[in-house]
Amino acid sequence: MLCFSAILDRFASKSLTIAGAAAMLKTHTCGELRLQHAGLRVELAGWVYRRRDQGGIIFLDVRDRWGITQVVIDESASPEAHDAAGQFRNEYVIHIKGTVRARPEGTANSELATGEVEVVADEVELLNASKTPPFYINQETKIDETVRMKYRYLDLRRPRMQDNLVLRHKVIKFIRDFLDVRGFIEVETPILFKTTPEGARDFLVPSRMNPGTFYALPQSPQQLKQLLMVAGYERYFQVARCFRDEDLRGDRQLEFTQLDIEMSFVRREDVMALIEEMMIAVTEQVAGMTPMHKPFPRITYQDALEKYGSDKPDMRYDLAAVDVTDIAGKSAFPVFVSNAGEGKPIKVLRAPGMAGSLSGTQLRKTAEELETLARSAGAKGLAWMALGEKEEDEVKGPIGKFFTVEQKVALFERTGAKPGDILLFISDQREVVYNVIDTLRRHLANQLGYTDPNKIAFAWVIDFPMFYWNEEEQRWDPSQHMFTATLPEDLPLLDTDPGKARGSQYDLACNGYEVAGGSIRIHDRAIQEKMFPLIGQTMERAREQFGHMLEAFEYGVPPHGGIASGLDRLVMILAGEPNIREVIAFPKTQQGADIMAGAPSEAEPKQLDELSIKVVPPKSEAKS
RNA sequence: GGAGGCGUGGUGUAGCGGUUAACAUAUUGCCCUGUCAAGGCAAAGAUCGCGGGUUCGAGACCCGUCGCCUCCGCCA
């Protein structure tokens, strides 16, 4: 099933072990014995996964990272081994010697890769005992997250977690090989670097040798990889650890791993083509799944918002919102009429078959639940219409009476409504409408069973605006970062109407997550300098922060661009896991804590002295 | 910074004003030679996260606090 050739080579050549060193305790892994090995004398070592003591005969399922093998100890054949094995308990570390044989007729276990054979042990050795684990290693049950994290080393023994970390390794290995073959080299960039004013909050590291100054941990190697392009490396990548001191989420950790890529002499299409090929290959060859859409659909940012309310839409299902402002704005429903008059859009999200055979009461309850959800997303209400199961049934819902028959027919045609559907009307300011569509769409997909973790759907989102207007600061904020190039045809807009200018940015969405994002960069110093006043920075400040970049830009910068992909998220999706913690060996809790080790913790006064740092009590404590 | 949920033997849950705090599983002991979530019998194991309050009486209700989870803000 799996390729263990390297390990097998080591096992096969025991005679090559260094003189004086202990011989390896296993000739085979617990995952590899098959019928063809019958008759072979073997040694296994691992953990007792389960034991079934039948009195005269003991079965041990022995587990190592490669699998589980059943070991049989027969009292009449090997009384000493039987006595010793009788003392074994779950998670004891043992070493056995015995002979492989086919299982007796009718006792094969098809659930197990090694289920056709068993090892008849004549020697068993206890290498180490174990306390009873605080939770099941050998069963998939819910375990309190605190307990899992406190005993993470035991949590990681569970087959599910081992599978996840093995998958993670394979994904990264595959990508490294994929890029290597295409002329990329991996370059490590510093973890101790310079703080940047924009973006996420930095983690700061005090400098002992330069009291009062700080390094920042990188939020991404963005500047450094561009400088590598200036340096002429042309094709760079890095499996890079990145740090952002922001609140954690199910798909966000304080530190995370990013596949960072930068290429010279490329256009947007070149980067996208490479990543698309890579993502398809990883999905198919490593995860054994097939992307639902090949080639990946490309959606403009604006379309993504209009149809899905999100710039990272889940494309495993359709459920696209439809604009009905022209129809509903002419209905007799006062809210729609006035909203349409104020330029607020009216959109319909169709919930296929959700009315179904619901009674009037059930239908109202369903609609109320959806309305509550819509309100939580910012809506003031949620109008709805339900189509009866039969064509001739009345249209149900409080707003039906405000629409003429012709208007209803137009609505049904526009939205593709079928008997049994519920139409959800969303109308408000544009940003609110998007948010509500996104929230309802994800909810409906879950309700309707459209979110199969075994399906995977990628989509490119392109043509992002260069800037968002920051109302508080009264300035433009870059929608990606200040090195993103404008689409060539929109370059003049920088001077006339920056809000309309589109960037050369591309994001890759997958199952409702953003799994990659990048852009073609500015390589012209004059254009780069134009960006700073737009985003409310003085040139003096820009030189302070980015002087090294601006200076580098005077020494022959090739056109370049790149992309960065959140590997934790990607592996999470490929593993079908709902949370990023499941694919990270030692993650943090939502409060940023490592429960096992007790990090973060207070520093010794001596350490603080050396760093010229004085800790003042937090404000909340100071008050009391 | 905010909203919501959860916290009961090792683990997962039930109990929602008065019970001997229940069940499953794990654990320990005994029995058992073809099991594989083994089985049978027995035993042990919880001051119900912590602090305060209401009440004749609190695991339950109220307030606070701590921890974990989900989400909003935040994450160029």
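Just so we're clear, the structure is a prediction, and the values are computed from it rather than from any experiment. For every chain, the first residue of the written sequence is number 1, and numbering continues from 1 onward in sequence order. Following the order in which they are written, the chains are lettered starting with A and the ligands numbered starting with 1. At least 70 in pLDDT is required for a residue's local features to be given in this predicted model, at least 80 for side-chain atom pairs to be given and counted, and no such filter applies to totals for whole chains, interfaces and linings, which use all residues. Side-chain measures were taken over the full set of non-hydrogen atoms in the model, leaving aside hydrogen atoms and water.

Draft legend 1. Main features of the overall build of chain A. The number of helices and strands found in chain A is 19 helices and 22 strands. Considered along the principal axes of its C-alpha atoms, chain A spans approximately 90 × 75 × 60 Å. The burial tally for chain A puts 48% of its 624 residues in the buried class. For this analysis, residues touch if any pair of their heavy atoms sits within 4.5 Å. A separation threshold of at least 6 residues defines the contact pool for chain A, and within that pool the share at least 24 residues apart is 67%. We get accessible surface area from the Shrake-Rupley algorithm with a probe of 1.4 Å; when it comes to residues, only the shown protein chains can shield them. Surface summary for chain A: the accessible area is close to 31400 Å², and the carbon and sulfur share equals 52%. Where the 76 positive side-chain charges of chain A centre and where its 91 negative ones centre are 2 Å apart. Each helix corresponds to a stretch of at least 4 residues labelled H or I by DSSP, and each strand to a stretch of at least 2 residues labelled E; elements are numbered beginning at the N terminus. Only protein chains enter the accessibility calculation, which uses a 1.4 Å probe; a residue is then buried when its area is under 20% of its type maximum, exposed when over 50%, and partly exposed in between. Asp and Glu are treated as the negative residues and Lys and Arg as the positive ones, with His and the ends of the chain left uncounted. Where a charge sits is defined by one atom per residue type, namely NZ (Lys), CZ (Arg), CG (Asp) or CD (Glu).

Draft legend 2. Expanded view of the pattern of salt bridges. We define a salt bridge as a contact between a side-chain nitrogen of Lys or Arg and a carboxyl oxygen of Asp or Glu at a distance within 4 Å. This model, assessed by the stated rule, comprises 53 salt bridges. Measuring nitrogen to oxygen at the nearest pair gives 3.0 Å for the salt bridge that ties R63 to E91. Remark: E91 occurs in the loop between α2 (79-86) and β4 (93-102) and R63 occurs in strand β2 (residues 57-64); sequence separation between them is 28 residues. Per residue, the accessibility class of R63 equals that of E91, and both read buried. Across the pair R442 and D438 runs a salt bridge whose closest N-O atoms are separated by 2.9 Å. One end of the pair is R442 and the other is D438, both in helix α13 (residues 430-447) and four residues apart, which spans about a single turn. A relative accessible area of 16% places D438 in the buried class. Where salt bridges share partners, they join E140, E145, R148, R152, D155, R158, R160, E577, R581 and E582 into one cluster.

Draft legend 3. A look at a nonpolar patch on the surface. Patch criteria: residues need more than 30% relative accessible area and no salt bridge. Like-charged residues are merged within 9 Å; nonpolar side chains of Val, Leu, Ile, Met, Phe, Trp and Tyr are merged within 5 Å. There is a patch of nonpolar side chains on the surface, built from Y153, F586 and M596 and spanning about 300 Å² of accessible area. Considering the arrangement of structural elements, one finds Y153 in helix α4 (residues 152-155). Judged by its relative accessible area of 46%, Y153 falls in the partly exposed class.

Draft legend 4. Representation of the pairing of strand β5 (residues 117-128) within the structure. With two bridges connecting them, strand β3 (residues 67-74) and β5 associate as parallel partners. Across the sheet, the residue bridging to V72 is V120, located in β5. Two strands pair when backbone bridges link them, and β4 and β5 are joined in this way by 10 bridges, in the antiparallel orientation. Bridging across to β5, G98 finds its partner in A121. Pairing between strands is defined by DSSP: at least two bridges between the two strands are required.

Draft legend 5. Up close: the packing of aromatic side chains. Paired rings are identified among Phe, Tyr and Trp, the last through its six-membered ring, by centres lying within 6.5 Å, and are further divided according to the angle between planes into stacked (under 30 degrees), edge-to-face (over 60) and tilted (the rest). Tallying each qualifying case throughout the model produces 15 aromatic pairs. When the ring of Y151 is compared with that of Y153, the centres are 6.3 Å apart and the planes differ by 80 degrees; the resulting orientation is edge-to-face. A relative accessible area of 24% places Y151 in the partly exposed class. Both rings, one in W460 and one in Y506, keep their centres 6.2 Å apart while their planes meet at 85 degrees; by these two values the pair is edge-to-face. You can see W460 sitting in strand β17 (residues 458-462) and its partner Y506 sitting in strand β20 (residues 505-510), a full 46 residues away along the chain. Pair check on accessibility: W460 and Y506 agree, each one buried. The structure contains a cluster of three or more aromatic residues connected by ring pairs, namely F333, F336, F402, F403 and F425. Looking at R65, its charged tip hangs above the ring of W66, at a distance of 4.5 Å from the centre. Counting as a charge over the ring demands two things of the Lys NZ or Arg CZ atom: a distance within 6 Å of the ring centre and an angle within 35 degrees of the ring normal. Directly above the aromatic system of F178 lies the positively charged group of R182, at a separation of 3.5 Å from the ring centroid.

Draft legend 6. Layout of the protein's contact with RNA strand B. Close to RNA strand B lie 50 residues; R101, T107, Y136, Q480 and N579 are nearest. A share of 51% of the atoms of RNA strand B within 4 Å of the protein falls on sugar and phosphate groups. Under the rule applied, a polar contact is a pair of N or O atoms within 3.5 Å (in protein, one hydrogen donor and one hydrogen acceptor; residues adjacent in sequence only if both atoms are side-chain atoms). At 3.0 Å from a phosphate oxygen of RNA strand B is found a main-chain nitrogen or oxygen belonging to G56. Within the side chain of E118, one N or O atom sits 2.5 Å away from a base nitrogen of RNA strand B. Elements represented by at least two residues in the surface near RNA strand B include exactly β1 (41-53), β2, β3 and α3 (145-150). Looking at which element gives the most residues to the surface near RNA strand B, the answer is β1, with four residues. Residues were grouped as follows: Ala, Val, Leu, Ile, Met, Phe, Trp, Tyr, Cys and Pro as nonpolar; Asp, Glu, Lys and Arg as charged; and all remaining residues, including Gly, as polar. Looking at side-chain class alone, the surface near RNA strand B contains 11 nonpolar, 21 polar and 18 charged residues. Throughout, near means a residue has at least one heavy atom within 4 Å of the molecule or strand.

Draft legend 7. Focus on the side chain of S207. Relative to the helices and strands, S207 resides in the loop between β7 (204-206) and β8 (214-216). S207 gets classed as buried once you look at its relative accessible area, which sits at 5%. Here the side chain of S207 touches N210 through a polar contact of 3.1 Å, side chain to side chain. Residues in contact with S207, not counting those within four places in the same chain, are T213, F214 and Y215.

Draft legend 8. Geometry of the sheet that holds β2. Within the closed barrel, the five strands sit side by side as β1-β2-β3-β5-β4. Their pairing is mixed. Each strand axis lies, on average, 55 degrees off the axis of its neighbour in the sheet, ignoring direction. The axes used here are C-alpha line fits, helices contributing only the stretch in contact, and every angle between their N-to-C directions lies in the interval 0 to 180 degrees.

Draft legend 9. Up close: the sheet that holds strand β14 (residues 383-387). Across the sheet, five strands lie side by side as β12-β13-β16-β14-β15; this open sheet has antiparallel pairing. Every other strand in the sheet has two partners, leaving β12 (322-323) and β15 (395-396) as the edge strands with one partner each. The sheet contact formed by β14 and β15 spans two bridges and is antiparallel. In the strand pairing of β15, A386 is matched with K396.

Draft legend 10. Expanded view of the side chain of E577. In this structure, E577 sits in the loop between α17 (567-575) and α18 (605-610). Within the structure, the side chain of E577 is placed 2.8 Å from the side chain of N164, a separation counted as a polar contact.

Draft legend 11. Structural detail: the packing of helix α15 (residues 525-534) against helix α16 (residues 539-552). Running from N to C, α15 and α16 point in directions that differ by 150 degrees, and their axes come no closer than 11 Å. What the angle tells us is that α15 and α16 run roughly antiparallel. Between α15 and α16 the crossing geometry is right-handed. Here R525, Q528, E529 and F532 of α15 come into contact with α16, specifically with M539, A542, R543, F546, L550 and E551. Among the residues forming the contact of α15 with α16, the class breakdown is five nonpolar, one polar and four charged. For classification, angles of less than 35 degrees are called roughly parallel, those exceeding 145 degrees roughly antiparallel, those between 65 and 115 degrees roughly perpendicular, and all remaining angles oblique. We call a crossing left-handed when the near helix sits turned anticlockwise from the far one by less than a right angle, and right-handed when that turn is clockwise.

Draft legend 12. Seen up close, the state of the cysteines. To count as a disulfide, a pair of cysteine sulfur atoms needs to be within 2.5 Å. Across all of its chains, the model carries zero disulfides by this definition. We note that C510 lacks a disulfide partner, and the nearest cysteine sulfur, in C242, lies 19 Å from it. For C510, a relative accessible area of 0% gives the class buried.

Draft legend 13. Seen up close, the nonpolar core. Within the largest apolar cluster, 66 residues are counted, with the highest numbers of intra-cluster contacts made by L179 and I275. The contact partners of L179, leaving out residues within four places of it in the chain, are F184, F237, L259, I261, L274 and M278. Only buried residues count toward a nonpolar core. Its members are Ala, Val, Leu, Ile, Met, Phe, Trp, Tyr and Cys residues joined through side-chain atoms within 4.5 Å. Among the nonpolar cores identified, the runner-up in size contains 25 residues, and L370, L424, V433 and I437 belong to it.

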